[in-house]
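Listed here are the chains, written in short residue letters.
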Amino acid sequence: MEKEMEISREILLKYPLCDSCLGRQFGLLGFGLDNKTRGESIKTVLVLESYKNFIKDKTSKNDLALLEAIAINGMSEFARNSLKKLGFTHEKSEKKCFLCERLLEKKNLLKFVSNAIEKLKNLEFQTFLVGSVIKSDLIEKEDTLRATYNISWGEALKSELNRLIGIMIKEKMNKETDLANPEIVILVKPNENNVEIKINPLFISGKYCKLERNIPQTLWICKNCDGQGCDECGGTGKRYETSVSELISEKILQKTQGTDTKFHGAGREDIDALMLGSGREFVIEIKEPKKRYFDLKKLEEEVNDFAKGKIKVINLQKSDKDKIRRIKAFAQFSEKTYKIIVELDSSIPRSKLDEVEKYFSGITIKQRTPTRVLHRRADKTRVKKIFALKINILEKKLIELIIKTQGGTYIKELVSGDDGRTKPSISEFLNMKLVCKSLDVLSVEEK
Ligand SMILES: [Zn+2]
Ligand SMILES: [Zn+2]
């Protein structure tokens, strides 16, 4: 510690430093002692040492100078009282700390803390993180000081400020700090004498079934008026009256008092297709929620009441951002089973349908982006696996196909061929034009 004491001695002779700022220069040495106590201890040891030396040798100017520096620059009452005992009186020091410029003084910290608490009072949260924006000249001053005195164990001013405010808020509000996934970020801006609150999004995951046709997964803006409302869309600004995401979001947004929602689905079914079975995974991202803690089972009932049988949600759960990535990746590899009703030009003998079943079960197909989605998807070729195909004859010219495929397969195009963009196709195999009457997703395989 001899080196650290020598550095402290030199700095205090030159600069006014509060206990925290002195202690912070050695903040990374050891653990479990706050910088203020560190700084105070260093000053105490220096006072004891120079006091003892001065008693022994009353001509020792250096020791007297150090005592005075600690009393004035160090703002130490212990040094001031010790000097008084030796016959040197000094006014109580009110110097401004060279490094933090009073930023770390308790009354300043309390000001930021009460500002933050005021802004947080109507928000429901359990975890938070404190960040801050510190004037660059304060940071530069500290960097220069550390370079001059070769200090390598110093902690950053910013991290001390964040921690001190964090501890106070934690105690006053009975909340927890969370570095990785805080619900709330408190941004302290000493320069603007202000505190900003950032509310991180809330993620709720679940599965949905779509029980009525002609509902898109997400809001479909009217192209004609760009959402402004026109005759074509009946003034709604929407191409379809509602969507899966709107039906799910409405009650969730109400409950959480957020500002907006974003819907993330594990793939999507066609607008005219039903989504049956155990449903399709989704995540709803709620921006700036004021409420986070509520009964999810009850919310599920409210969503389903509101959707009036058009869709149904199940198993609503608290989730996280990473879940979005996981369900998107999963959608590409999961196995999906579809039911598709197909109209034929003329009847086909059962033996021929058996050939179709045999040929397409276990085959790999190549699909270029379908013509119908080219306006919103890049034109590229996808290779997809068809696991199984089963055909039932419903009427003379009406058949039902049960197809199990890899996620992301365009089923209508597998049937129709899409003018040769999907190869091979069932239409091509039968050499017959096939018309899809309806398409349903029967299940999404869990893996
Ligand atoms: Zn300071
Ligand atoms: Zn319109």
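Parameters and conventions
Residues numbered from 1 in each chain as written. Chains lettered and ligands numbered in written order. Predicted model: local features only at pLDDT ≥ 70, side-chain atom pairs only at ≥ 80, totals over all residues. Heavy atoms only, no water. Pairing = 2+ DSSP bridges. Helix = DSSP H or I, 4+ residues; strand = E, 2+ residues; numbered from the N terminus. Donors = N, O, S within 2.8 Å, 3.2 Å for Na, K, Ca; no water. Tetrahedral: all angles 85-135°; square planar, octahedral: opposite > 155°, others 65-115°. Buried < 20%, exposed > 50% of the residue type's maximum accessible area, 1.4 Å probe, protein only. Contact = heavy atoms within 4.5 Å. Axes fitted to C-alpha atoms, helices over the stretch in contact; angles between N-to-C directions. Parallel < 35°, antiparallel > 145°, perpendicular 65-115°, else oblique. Left-handed = near helix turned anticlockwise from the far one by under 90°. Nonpolar A, V, L, I, M, F, W, Y, C, P; charged D, E, K, R; others polar. Phe/Tyr/Trp six-rings, centres within 6.5 Å; stacked < 30°, edge-to-face > 60°. Lys NZ or Arg CZ within 6 Å of the ring centre and 35° of its normal. Core = buried A, V, L, I, M, F, W, Y, C linked by side-chain atoms within 4.5 Å. Domains from an automatic or database assignment. Salt bridge = Lys/Arg side-chain N within 4 Å of Asp/Glu carboxyl O.

**Student:** Help me understand the pairing of strand β11 (residues 381–395), please; the structure alone is not making it clear to me.
**Tutor:** On a regular strand, each side chain points to the face opposite its neighbour's, so the side chains alternate between the two faces of the sheet. Relative to β11, strand β10 (residues 364–368) is paired through five bridges, and the arrangement is antiparallel. Bridge pairing links Lys-366 to Val-383 in β11. With eight bridges joining them, β11 and strand β12 (residues 398–406) adopt antiparallel strand pairing. Considered in β12, the bridge of Lys-390 is made with Ile-402. Here β11 folds back onto β12 in antiparallel fashion, the turn holding two residues.

**Student:** I keep staring at the coordination of the zinc ion (ligand 2) and nothing clicks. Help me out?
**Tutor:** When four donors bind a metal tetrahedrally, each ideal donor-metal-donor angle is 109.5 degrees, and when six bind octahedrally, the ideal angles are 90 or 180 degrees. On the protein side, the zinc ion (ligand 2) has Cys-222 (SG), Cys-225 (SG), Cys-230 (SG) and Cys-233 (SG) as donor atoms, found 2.2 to 2.3 Å from it. Around the zinc ion (ligand 2) sit four donor atoms, and with donor-metal-donor angles ranging over 103 to 113° the site reads as tetrahedral. Each donor residue of the zinc ion (ligand 2) belongs to the same chain, and together they define the spacing C-x2-C-x4-C-x2-C. Residues Cys-225 and Cys-233 agree in their burial class; the two are buried.

**Student:** For this particular structure, what's the right way to read the sheet that holds strand β2 (residues 176–177)?
**Tutor:** One key point about sheets: their strands pair by backbone hydrogen bonds, in either a parallel or an antiparallel sense. The four strands are arranged β2-β1-β3-β4 in an open sheet whose pairing can be described as mixed. Two strands bound the open sheet, and with one partner strand each, they are β2 and β4 (194–199). Across five bridges, strand β1 (residues 127–132) lies against strand β3 (residues 184–189) in parallel orientation. Looking at the pairing, Phe-128 lines up with Ile-184 of β3. In the packing of helix α6 (residues 106–120) onto the sheet, contacts are made with β3 and β4, and the angle to β4 comes to roughly 35°. Lying on the sheet, helix α8 (residues 157–173) is in contact with β1, β2 and β3; it crosses β1 at an angle near 145°.

**Student:** What is the right way to look at the packing of helix α3 (residues 35–56) against helix α4 (residues 61–72) in this model?
**Tutor:** Packed helices, taken two at a time, are described by the angle their axes make and the gap between the axes. The geometry of α3 relative to α4 is characterised by a closest axis approach of 9 Å and an angle of 150° between their N-to-C directions. The orientation of α3 relative to α4 falls into the category roughly antiparallel. In the crossing of α3 with α4, the sense of the turn from one axis to the other is left-handed. Judged by residue contacts, Lys-43, Leu-46, Val-47, Ser-50, Tyr-51, Asn-53 and Phe-54 of α3 engage Asp-63, Leu-64, Leu-66, Leu-67 and Ile-70 from α4. Across the contact of α3 with α4, the residue classes break down as eight nonpolar, two polar and two charged.

**Student:** Any chance you could explain the packing of aromatic side chains here in plain terms?
**Tutor:** By convention here, two paired aromatic rings are described through the distance between centres and the angle between planes. Within the structure shown, the criterion is met by nine aromatic pairs. When the centroid spacing of 4.3 Å and the interplanar angle of 25° are considered together, the rings of Tyr-15 and Phe-98 count as stacked. Placement of Tyr-15 in the loop between α1 (2–14) and α2 (19–24) and of Phe-98 in the loop between α5 (77–85) and α6 is noted, with a sequence separation of 83 residues between them. Judged by centre distance (5.9 Å) and plane angle (70°), the ring pair of Phe-360 and Phe-429 falls under edge-to-face. Within this pair, whereas Phe-360 is found in helix α12 (residues 350–360), its partner Phe-429 is found in helix α14 (residues 426–430), the two being separated by 69 residues in sequence. For the cation-ring pair, Lys-141 lies above Phe-98, with the distance from its terminal atom to the ring centre recorded as 4.7 Å.

**Student:** Just to check I follow, could you spell out the coordination of the zinc ion (ligand 1) for this structure?
**Tutor:** Coordination of the zinc ion (ligand 1) by the protein is provided by Cys-18 (SG), Cys-21 (SG), Cys-97 (SG) and Cys-100 (SG), with metal-donor distances spanning 2.3 Å. What the four donor atoms of the zinc ion (ligand 1) show is an angle range of 103 to 118° at the metal, which sorts the shape as tetrahedral. One chain supplies every donor to the zinc ion (ligand 1), and in sequence these donors are spaced C-x2-C-x75-C-x2-C. Under the relative-accessibility criterion, Cys-100 is labelled buried at 2%.

**Student:** So what exactly am I meant to see when it comes to the nonpolar core here?
**Tutor:** Generally speaking, soluble globular proteins have nonpolar side chains that are buried together. Membership of the largest hydrophobic core comes to 52 residues, with the highest contact counts inside it found for Ile-165 and Ile-186. Residue contributions to this core peak at six residues, all from α8. The residues that make up this core include at least three from each of domain 1 (2–85) and domain 2 (106–199). When neighbours within four sequence positions are excluded, Ile-165 is seen to be in contact with Leu-109, Phe-112, Val-113, Val-130 and Val-188. Ile-204, Ile-215, Val-415 and Leu-439 belong to the second largest nonpolar core, which has 47 residues in total.

**Student:** Got a minute to help me understand the pattern of salt bridges in this structure?
**Tutor:** Oppositely charged side chains can form a pair if their charged atoms are brought close together. Overall, the coordinates contain 40 salt bridges when judged by the stated rule. Its salt-bridge partner being Lys-287, residue Glu-285 comes within 3.6 Å of it at the nearest N-O pair. Lys-287 sits in the partly exposed class, given a relative accessible area of 29%. Linked by salt bridges that have partners in common, Asp-270, Asp-272, Arg-372, Lys-412 and Glu-413 make up one network.

**Student:** What's the story with the pairing of β4 in this structure? I'm lost.
**Tutor:** Of the pairings in the sheet, the one linking β3 to β4 comprises six bridges and is antiparallel in character. Opposite Ile-186, over in β4, you have Ile-197 as the bridge partner. Remark: four residues form the turn of the hairpin made by β3 and β4, two consecutive strands paired antiparallel; Asn-193 in that turn has positive phi of roughly 55°.

These figures come from the coordinates and say nothing about function on their own.
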